[in-house]
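Structure assessment
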Amino acid sequence: MTANSSSQLWIYDTTLRDGTQREGLSVSTEDKLRIARRLDQLGIPFIEGGWPGANPKDVQFFWHLQEEPLSQAEIVAFCFTRRPNKIASEDPMIQAILAAGTRWVTIVGKSWDLQVTEGLKTTLAENLAMIQDTIDYLRSQGRRVIYDAEHWFDGYKHNRDYALQTLETAIASGAEWVTLCDTNGGALPHEITGIVRDVMQAIGQNRFQSPIPKLGIHAHNDSDTAVANTIAAVMAGARMVQGTINGYGERCGNANLCSLIPNLQLKLGYECLEDSKISHITEISRFVSEVVNLAPDEHAPFVGRSAFAHKGGLHVSAVERNPLTYEHIEPEKIGNRRRIVISEQAGVSNVLAKARTFGIELDKHNPKTGQILQRLKILEQEGYQFEAAEASFELLMREALGNRQPFFEIKGFQVHCDLVQGEETTSALATVKVAVSGRDILEAAEGNGPVAALDAALRKALVNFYPQIAEFELTDYKVRILNGHTGTAAKTRVLVESGNGHQRWTTVGVSTNILAASYQAVVEGLEYGLLLHSQAEMALIANS
Ligand SMILES: CC(=O)SCCNC(=O)CCNC(=O)[C@H](O)C(C)(C)COP(=O)(O)OP(=O)(O)OC[C@H]1O[C@@H](n2cnc3c(N)ncnc32)[C@H](O)[C@@H]1OP(=O)(O)O
Ligand SMILES: CC(=O)C(=O)O
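Residues numbered from 1 in each chain as written. Chains lettered and ligands numbered in written order. Predicted model: local features only at pLDDT ≥ 70, side-chain atom pairs only at ≥ 80, totals over all residues. Heavy atoms only, no water.

Considerations on the overall build of the chain
Rules: Strands here are runs of E lasting at least two residues and helices are runs of H or I lasting at least four, both read from the DSSP assignment and numbered beginning at the N terminus. Contacts: residue pairs with any heavy atoms within 4.5 Å of one another. Working definition of accessibility: Shrake-Rupley area with a 1.4 Å probe, residue cover restricted to the visible protein chains. Residues scored as charged are limited to Lys and Arg (positive) and Asp and Glu (negative), so that His and the chain ends carry no count. The location of each charge is read from NZ of Lys, CZ of Arg, CG of Asp or CD of Glu.
Looking only at helices and strands, one finds 18 helices and 16 strands in the chain. If you line up the chain on its principal axes, its C-alpha atoms span 90 × 60 × 55 Å. When contacts within the chain are restricted to residue pairs at least 6 apart in sequence, long-range pairs at least 24 apart make up 67% of them. Here the chain has roughly 25200 Å² of accessible surface; of this, 49% comes from carbon and sulfur atoms. Positive and negative side-chain charges of the chain, numbering 51 and 65 respectively, have mean locations separated by a distance of 4 Å.

Printed below as a string of structure tokens:
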């Protein structure tokens, strides 16, 4: 990155402060440290770590970073201006941010007259004094200051002169950056463009009698335009981009850095991160969602699992010829990947693409290709869903092509359940009869439910022939009633996720009987695990 070039942007991550203001998101000090270190590795220049005077976790977080500092990022402590009619040097909050020991601090202050008189219950003049005293004092203590102008856009719309006076005060007191905040998230891109341009002009006309500060933008997503608003602000002159990983934040969230960074760098040519770091965006999005214990948004632009998933046959056919036809960027650039989804919306191209990923040779002139597609569509009409159960689709494909390996044959099963009135626990007993290599085996096993009992009995019957089965586990079980209005005649779809410690696969079963649907999915899960094992063994032999 060329320092200070006109296209350079400073990314300011506030996941650890505004991000944690999201309802349902709570992190420990340890979690915050893990995220900070990961953002540091990514090359984010400013990381807002929290509000040291507001809670003990944030105090601890800054202590830890004093002991073991980040490698390149500036860790920033956040706080509001001193309280009305008090002295900045005596304000415990201000003392707490000094104790955090950071080089940079961010001070949030009021820009909107209504917020001053109604929210703070003080005068417009006192608000200006609060901004001035706080920044003056922090500067006197050797801190570099970023000033977050809260409610900037609403303030500007209601009383432009006063809003500009607040900025002027912050700048005159020594704030090096002023960040225009769309705190309520109500602004639209054209308003942002006009207002940022006006502020840039006021700066250009030297309305502010002090060194020219740099402008930042902090947008909330209440109008679903936080990313667009941030881009508009940058194009109008802002150079600091505040946002959060995955757009976490108060109410509807903040501008999502996982979308902003690729848009700004890959499409608009701004410099946000080193080029080599951009490909880690998807990984960091998933890392942060894992640490904060929120399911990743599969449909998130750029980084979601479905962001480059192609389902419609027309799309797949064209993408197979040239990905540009249905992709706005190459997924690999941001560390994501293209996926082809198999479903009733598929065409021959989806089937061929899947065959390729399964390592099966198939071409469009093979009559089996059309037959597989038709079978897929009929089964989906019956209630199967293969997009989440690709292992079952591979077995279906192998069956149609005559190369499904007969690892075992189920000759019958029975399940008996005990439900005792008034008791919370249930127990089930399953009996299975299985044939392997011409031998019949009868086994029984218990479980705390019918599916667990059936799974256990099948493994017991097969493990002597296939010891690898001991490593298989049933990791998830999902049931969906497909046509509920038909009561007990309704069809049930069961999805079973299985694993072997290093791979996971999903199989599907459908029936009017929940046990039969579960049985089908569990049996295919075991069969697919055996197929993976035999493929791995064959690969080993081929490579030896
Ligand atoms: C736009 C933003 O997202 S800014 C960040 C917002 N984040 C948070 O609020 C999370 C952390 N907050 C907290 O832990 C608490 O709210 C604290 C510790 C900051 C304050 O707690 P309390 O002292 O109990 O006050 P409370 O939260 O009820 O009310 C806020 C107080 O701050 C005052 N205040 C609000 N903005 C400012 C400001 N810019 N400068 C100075 N004081 C302010 C309010 O007037 C009110 O004070 P009052 O009750 O004496 O009139
Ligand atoms: C500072 C901040 O979080 C806001 O104004 O939204």
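Further notes follow.
A word on the site of ligand 1
Selection criterion: Nearness of a residue to a molecule or strand requires only that one of the residue's heavy atoms be within 4 Å of it. Residues adjacent in sequence count toward polar contacts only when both atoms are side-chain atoms; beyond that, a polar contact is any pair of N or O atoms within 3.5 Å, and within protein one must be able to donate a hydrogen and the other to accept it.
Near ligand 1, the surroundings consist of 17 residues, among which Q21, F80, T81, R83 and K110 are the closest. T81 is positioned such that a nitrogen or oxygen atom in its side chain is 2.7 Å from a nitrogen atom of ligand 1. Between ligand 1 and K110 there is a distance of 3.1 Å, counted from a nitrogen atom to a side-chain nitrogen or oxygen. Contact with the protein chains covers 55% of the free accessible surface of ligand 1, which is 1000 Å².

Some remarks on the sheet that holds strand β1 (residues 10-13)
Note the following rule: A strand pair is defined by DSSP finding two or more bridges across the two strands. Axis definition: a line fitted to C-alpha atoms, limited for helices to the stretch in contact. Angles are taken between N-to-C directions and run from 0 to 180 degrees.
Taken in spatial order, the eight strands close into a barrel running β1-β2-β3-β4-β5-β6-β7-β8, and their pairing is parallel. Pairs of neighbouring strands in the sheet enclose a mean axial angle of 25°, with direction left out of account.

As for the packing of helix α14 (residues 348-358) against helix α16 (residues 390-401)
To keep it simple, the criterion reads: Oblique is the label for every angle not falling under 35 degrees (roughly parallel), over 145 degrees (roughly antiparallel), or within 65 to 115 degrees (roughly perpendicular).
It is at 11 Å that the axes of α14 and α16 come closest, and there the two elements cross at 95°. In terms of orientation, α14 and α16 fall into the roughly perpendicular class. Together, V351, K354, A355 and F358 of α14 and E390, F393, E394, M397 and R398 of α16 make up the contact between the two elements.

Examining the site of ligand 2
Taken together, R17, D18, V108, D148, E150, C181, T183, H218 and H220 make up all the residues around ligand 2. D18 places a side-chain nitrogen or oxygen 3.0 Å from an oxygen atom of ligand 2. The side chain of T183 places a nitrogen or oxygen atom 2.6 Å from an oxygen atom of ligand 2. Isolated, ligand 2 exposes 210 Å² of accessible area, and the fraction of that covered by the protein chains is 94%.

Here we look at a nonpolar patch on the surface
Note the following rule: Distance thresholds for patches are 9 Å for like charges and 5 Å for nonpolar side chains (Val, Leu, Ile, Met, Phe, Trp, Tyr), applied to residues having over 30% relative accessible area and no salt bridge. A pairing counts as a salt bridge when a side-chain nitrogen of Lys or Arg comes within 4 Å of a carboxyl oxygen of Asp or Glu.
Among the surface-exposed residues, Y477, V479, I481 and I514 lie close enough to one another that they form a single nonpolar patch of about 320 Å² accessible area. Ranked by residues supplied to the nonpolar patch, first place goes to strand β14 (residues 473-481) with three residues.

Some details on the sheet that holds β14
If you walk across this open sheet you meet the three strands as β14-β15-β16, and the pairing is antiparallel. Looking along the sheet, the strands with just one partner apiece sit at the ends: β14 and β16 (504-511). The average angle at which neighbouring strand axes cross in this sheet is 20°, direction not considered. As judged from the eight bridges shared by β14 and strand β15 (residues 492-499), these two strands associate in the antiparallel manner.

Remarks on the pairing of strand β5 (residues 144-150)
The line we're drawing: Between buried and exposed lies partly exposed: a residue is buried under 20% and exposed over 50% of the maximum accessible area for its type, with that area taken using a 1.4 Å probe on protein chains only.
Most of β5 sits out of view: six of its seven residues are buried. Taken together, the seven bridges between strand β4 (residues 104-110) and β5 define a ladder with parallel strand orientation. Looking at β5, one finds that V105 is bridged to V145.

Brief notes about the domain arrangement of the chain
To be explicit about the condition: Segmentation of the chain into domains, including their bounds, is taken from an automatic or database domain assignment.
The domains assigned to the chain are domain 1 (10-273), domain 2 (309-398) and domain 3 (408-543). Here the C-alpha centroids of domain 1 and domain 2 sit 46 Å apart.

Let's talk about the state of the cysteines
The criterion, for reference: Criterion for a disulfide: a pair of cysteine sulfur atoms within 2.5 Å.
Scanning all chains against the criterion turns up zero disulfides. For the unlinked cysteine C79, the closest cysteine sulfur is that of C181, found at 15 Å. Assessed through its relative accessible area of 0%, C79 is described here as buried. Free cysteine C252: the closest other cysteine sulfur is in C181, separated by 17 Å. For C252, a relative accessible area of 47% puts it in the partly exposed group.

Some words on the pairing of β15
Regular strands have side chains that alternate between both faces of the sheet. Of all eight residues in β15, seven are buried; the element is thus mostly enclosed. Inspection of the sheet shows β15 paired to β16 by eight bridges, in the antiparallel sense. Within β16, the residue paired with G499 across the bridge is R504. The turn linking β15 back onto β16 is made up of four residues, and G501 within it adopts a positive phi angle of 95°.

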